[in-house]
Structures are given as C-alpha cells and as structure tokens.
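Descriptive analysis of the structure
Chain residues, written in single-letter form:
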Amino acid sequence: MNKIASFTVNHLDLLTGIYVSRKDYIGDQVITTFDLRFTRPNEEPPMDNPGIHSIEHLFATFLRNHKEWASKTVYFGPMGCRTGFYVIFAGDLESEDIIDVLREGAEFVLSYEGEIPGYSPRDCGNYLDNNLKLAQIYVKKFKEEVLDNPVPERLKYPQ
C-alpha cells in the first residue's frame, strides 16, 4: 500500500508555517491543499479540542463570507494530530498567495467577541466543545510565528 502524501513530510524538522500539502486536478481545475501548522509536531503539545473547534468555526465562517475568497474556499478543518489545519482553495496557489487572507482571518478571530458562529445544538454536533479564549491564544501564536514573519523555512516543507 502506498504511503499518503502527508505521511511523507519530514515532521522532525517541520516548523509552524504555511505549506502546500498537495495540488489535485478536477478536469482542468486545480485545487490546492495547504497545511497550516500551528504547533511543532512532536516538539510542542498538540492543541486542545475546544480551541481547535472554535478556530474551525470562526475561520470557516470568515473564509466563506470573504468577498474574494468565499468562492475559492473548498474546505477548512483540523488535522487529526491536532497540530494544525488544512485549508483547500480552488486555484493553482502557493503559500505566499494566501498570507494576506490568513492575516485577515487571524485578525477576525483575535478581535472576535460574542457567541461563536454555529454555537447551538441545532447547528453543531458538539457545540459545547468550544473555547474562544483558547482559540485566540493559538491564533495569536500562529500569527506571531508565521504570519508576521513569513520566512522561506515556514513556507516550504523541509526536505
């Protein structure tokens, strides 16, 4: 059985960052999957579910309502290892292409107050498992380490 692409990434040297995980083709259309790494795998503790869940609700809501990126957003969701998120956009994109929209999204999360979008038993299958303050801590760290200083080693996978 072939190893899937995400299991071929060198997690020993992986920093927090924005990485092109894969590019897939649907006919002549390209979709780009990005690895948004919020914590260093196997070096830092993984994120807790309530913070991850709140980031997912907030970032997905932000992207799906963005004037430019709403029509390009295919998916935003957490990694099973709890070290980051995958975001999938329509288009043949590179890490540098999404820094600005991620900065906007980070500011949206960091300044957010009130009830988290989708915070009800009708709208979410586990609505009580949310924590806005924890989400803001994780996003602040990602913003400071990656978005405020997008150096090449945080934009291309290590070899």
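In this text, all values refer to a predicted model and were calculated from it rather than measured experimentally. (Residues numbered from 1 in each chain as written. Predicted model: local features only at pLDDT ≥ 70, side-chain atom pairs only at ≥ 80, totals over all residues. Heavy atoms only, no water.)

1. Quick look at the pairing of strand E1 (residues 17-26)
Direction of pairing for E1 relative to strand E2 (residues 29-37): antiparallel, over a ladder of 9 bridges. Residue Tyr 19 lies in a different strand from E2, and its bridge partner there is Asp 35. Counting the residues that bridge the hairpin from E1 to E2 gives 2 residues, and of these Gly 27 lies at a positive phi of roughly 65°. (Pairing = 2+ DSSP bridges. Helix = DSSP H or I, 4+ residues; strand = E, 2+ residues; numbered from the N terminus.)

2. Digging into the packing of helix H2 (residues 99-111) against helix H3 (residues 132-147)
Running from N to C, H2 and H3 cross one another at 150°; their axes reach a closest spacing of 9 Å. With respect to each other, H2 and H3 are oriented roughly antiparallel. In this structure, H2 crosses over H3, and the sense of that crossing is left-handed. Where H2 abuts H3, its residues Ile 99, Leu 102, Arg 103, Ala 106, Glu 107, Val 109 and Leu 110 lie against Gln 136, Val 139, Lys 140, Lys 143 and Leu 147. Residue composition of the contact of H2 with H3, grouped by class: 7 nonpolar, 1 polar and 4 charged. (Axes fitted to C-alpha atoms, helices over the stretch in contact; angles between N-to-C directions. Parallel < 35°, antiparallel > 145°, perpendicular 65-115°, else oblique. Left-handed = near helix turned anticlockwise from the far one by under 90°. Contact = heavy atoms within 4.5 Å. Nonpolar A, V, L, I, M, F, W, Y, C, P; charged D, E, K, R; others polar.)

3. Brief notes about the pairing of strand E3 (residues 73-78)
Pairing of E3 with strand E4 (residues 84-90) involves 5 bridges; the strand directions are antiparallel. Directly across from Pro 78, in E4, lies its bridge partner Phe 85. In sequence, E3 turns back onto E4 through a hairpin of 5 residues, with Arg 82 there showing a positive phi of about 65°.

4. Remarks on the nonpolar core
Counting 34 residues, the largest nonpolar core has Ile 18, Leu 36, Phe 38, Ile 55 and Ile 98 as the members making the most contacts within it. Counting only elements with at least two residues in this core, the list comes to E2, helix H1 (49-64), E4, H2 and H3. In terms of residue count, H3 provides more of this core than any other element does, 8 residues in total. The contact partners of Ile 55, leaving out residues within four places of it in the chain, are Phe 38, Ala 60, Phe 76, Phe 85, Ala 135, Tyr 138 and Val 139. (Core = buried A, V, L, I, M, F, W, Y, C linked by side-chain atoms within 4.5 Å. Buried < 20%, exposed > 50% of the residue type's maximum accessible area, 1.4 Å probe, protein only.)

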